[in-house]
Amino acid sequence: MATKIPVTVITGFLGSGKTSLIRHLLQNNQGRRIAVLVNEFGELGIDGELLKSCQVCPEDGEGDTNIFELTNGCLCCTVQEEFYPTMQELIKRRDSIDCILIETSGLALPKPLVKAFRWQEIRNAATVDAVITVVDCAAVAAGTFASNPDAIAAQRQADDNLEHETPLQELFEDQLACADLVVLNKIDLVDAETKARVEELIKQELPRVVKIVESDNSQLDASILLGFQAAVEDNLDSRPSHHDTEEDHNHDEEIISTNLVLDRTFDPEKLQQQLEKLAQQQEIYRIKGFVAVPNKSMRLVMQGVGTRFDKFYDRPWKPEEPRQTRLVFIGRDLKSSEIESQLVAL
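Everything numeric here is computed off the predicted structure, so don't read it as measured data. (Residues numbered from 1 in each chain as written. Predicted model: local features only at pLDDT ≥ 70, side-chain atom pairs only at ≥ 80, totals over all residues. Heavy atoms only, no water.)

If you had to explain the overall build of the protein chain to someone new, which residues and values would you point to?
Helix and strand content of the protein chain: twelve helices and twelve strands. Out of the 346 residues belonging to the protein chain, those deemed buried represent 54%. For the protein chain, restricting intrachain contacts to residue pairs at least 6 apart in sequence, the fraction spanning at least 24 positions comes to 80%. Element-wise, carbon and sulfur atoms account for 45% of the exposed surface of the protein chain, whose accessible area totals about 16,100 Å². (Helix = DSSP H or I, 4+ residues; strand = E, 2+ residues; numbered from the N terminus. Buried < 20%, exposed > 50% of the residue type's maximum accessible area, 1.4 Å probe, protein only. Contact = heavy atoms within 4.5 Å. Areas by Shrake-Rupley, 256 points an atom, 1.4 Å probe, with all protein chains shown as cover.)

Explain the packing of aromatic side chains to me, using residue names and the numbers behind them.
Taken as a whole and judged by the stated rule, the model has one aromatic pair. The ring of Phe290 carries Arg299 above its face, with NZ or CZ at 3.6 Å from the centroid. (Phe/Tyr/Trp six-rings, centres within 6.5 Å; stacked < 30°, edge-to-face > 60°. Lys NZ or Arg CZ within 6 Å of the ring centre and 35° of its normal.)

Mind laying out the pattern of salt bridges, listing which residues take part and the relevant values?
Under the definition given, this model contains eleven salt bridges. The salt bridge partner of Arg239 is Asp180, with a shortest N-O separation of 2.7 Å. With a gap of 59 residues between them, Arg239 in the loop between helix 10 (222-225) and strand 8 (255-262) and Asp180 in the loop between helix 8 (167-177) and strand 6 (181-185) connect regions that are remote in the sequence. Accessibility expressed as a relative area gives 2% for Arg239, which makes it buried. With a relative accessible area of 15%, Asp180 lands in the buried category. (Salt bridge = Lys/Arg side-chain N within 4 Å of Asp/Glu carboxyl O.)

Outline the confidence of the model for the protein chain, supporting the account with residue identities and numerical values.
Taken as a whole, the protein chain shows an average pLDDT of 80; of its residues, 77% reach a score of 70 or greater. Across residues 145-166, confidence stays below pLDDT 50; counting only partners more than four residues off in sequence or on other chains, it has 15 contacts. (pLDDT = per-residue confidence, 0-100.)

Please give an account of the environment of Pro294 that cites residues and values.
For Pro294, the position within the fold is in the loop between strand 9 (284-291) and strand 10 (298-305). In the structure, Pro294 is positioned 26 residues away from Pro268 in sequence and 9.3 Å away in space, judged by C-alpha atoms. If we ignore the near neighbours within four places in the chain, the residues touching Pro294 are Thr265, Phe266 and Asp267.

Please provide a residue-by-residue account of the pairing of strand 2 (residues 34-39), values included.
On a regular strand, one side chain projects to one face of the sheet and the next to the other, so that they alternate. Within strand 2, six of the six residues are buried, which leaves it mostly tucked inside the rest of the structure. Here strand 2 shows two buried faces, one formed by Ile34, Val36 and Val38 and the other by Ala35, Leu37 and Asn39. Note that strand 2 and strand 4 (residues 99-103) share five bridges and pair parallel. Along strand 4, the bridge assignment pairs Val38 with Glu103. Sheet topology note: the strand 2/strand 3 (residues 67-70) ladder contains four bridges and is parallel. Looking across to strand 3, one finds that Leu37 is bridged to Phe68. (Pairing = 2+ DSSP bridges.)

Break down unusual backbone geometry for me, with residues and values.
Positive phi, normally seen in glycine, also occurs at Gln30, with a value near 55°. In this structure, Gln30 sits in the loop between helix 1 (18-27) and strand 2. With a phi close to 65°, Lys186 is a non-glycine residue in the positive phi region. Structurally, Lys186 can be placed in the loop between strand 6 and helix 9 (192-205).

Structure, rendered in structure tokens:
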């Protein structure tokens with residue numbers, strides 16, 4: 001029987017650095033033939049396109065691409081509809097694939113996806129090598145997920161409405177609980193004392209001993225991320241979840257994405273200033289996309305978490321490609337018309 005294809009599931013909250021981690025792996029693959037499944041939240045396919053621009057994967061029309069975008073909803077909710085048929089196609093190509101990376105959306109729970117590897121049709125051909133959880137150190141340090149257990153206990157006793165933790169808090173904990181490796185990313189944005197505090201918080205959420213590795217830009221060697229041979233699907237009992245007793249789970253229905261495509265260029269600094277204002281006005285968790293810049297032959301990638309942004313030029317615009325600015329906003333109860341009107345006015 002042929003060796004099973006090792007699959008690495010990369011999970012983490014919105015903007016933690018999952019796509020950057022995979023992009024670096026593809027560019028430094030050490031000869032490995034890597035296939036990637038990307039579970040987008042939104043319709044524009046920003047993450048998949050960003051991975052395709054890594055200059056390693058074949059361009060469209062030059063052979064079979066190894067980047068597969070699953071865009072019909074959260075992967076842990078659409079395993080049968082989205083994941084299963086794509087995995088079947090990859091299994092047919094197993095002789096030309098050394099490993100598979102799955103980038104889940106920031107809203108996905110790891111366990112429902114891993115359970116799919118128990119299905120006979122997949123189990124015979126693939127195994128989950130490891131679950132890697134990427135954590136934005138600066139975001140946790142800012143209090144996005146961190147909380148004082150004693151204070152929470154006191155609040156719960158005083159208010160019945162706080163009996164259940166927020167969906168984002170539960171999601172963060174479930175992603176940590178399923179991990180074989182935690183990547184503490186963006187450590188360059190905090191001091192040593194803050195980093196140590198975040199590490200201690202993470203350790204408190206881990207149900208067993210799990211290695212925590214540090215990174216400032218998701219740039220880690222493949223030898224650290226691949227080759228765990230954990231067969232995660234066989235030991236899920238050691239990875240507790242808030243949803244273990246539920247048949248199904250529901251995401252916060254107010255968390256949505258909205259897409260904006262504009263046939264115009266923007267000054268990067270002015271655009272970033274306006275996006276920062278929008279992030280303060282609305283509950284925007286994540287902004288990502290491509291920007292057309294005046295008098296620039298290259299496409300600008302812009303990514304934001306809250307009011308923190310980074311940007312870089314990833315590749316030249318193709319001759320037949322429209323020089324559009326395309327942005328995806330992910331957040332709670334977003335007002336799309338206000339976002340568009342403020343950017344159009346720039």
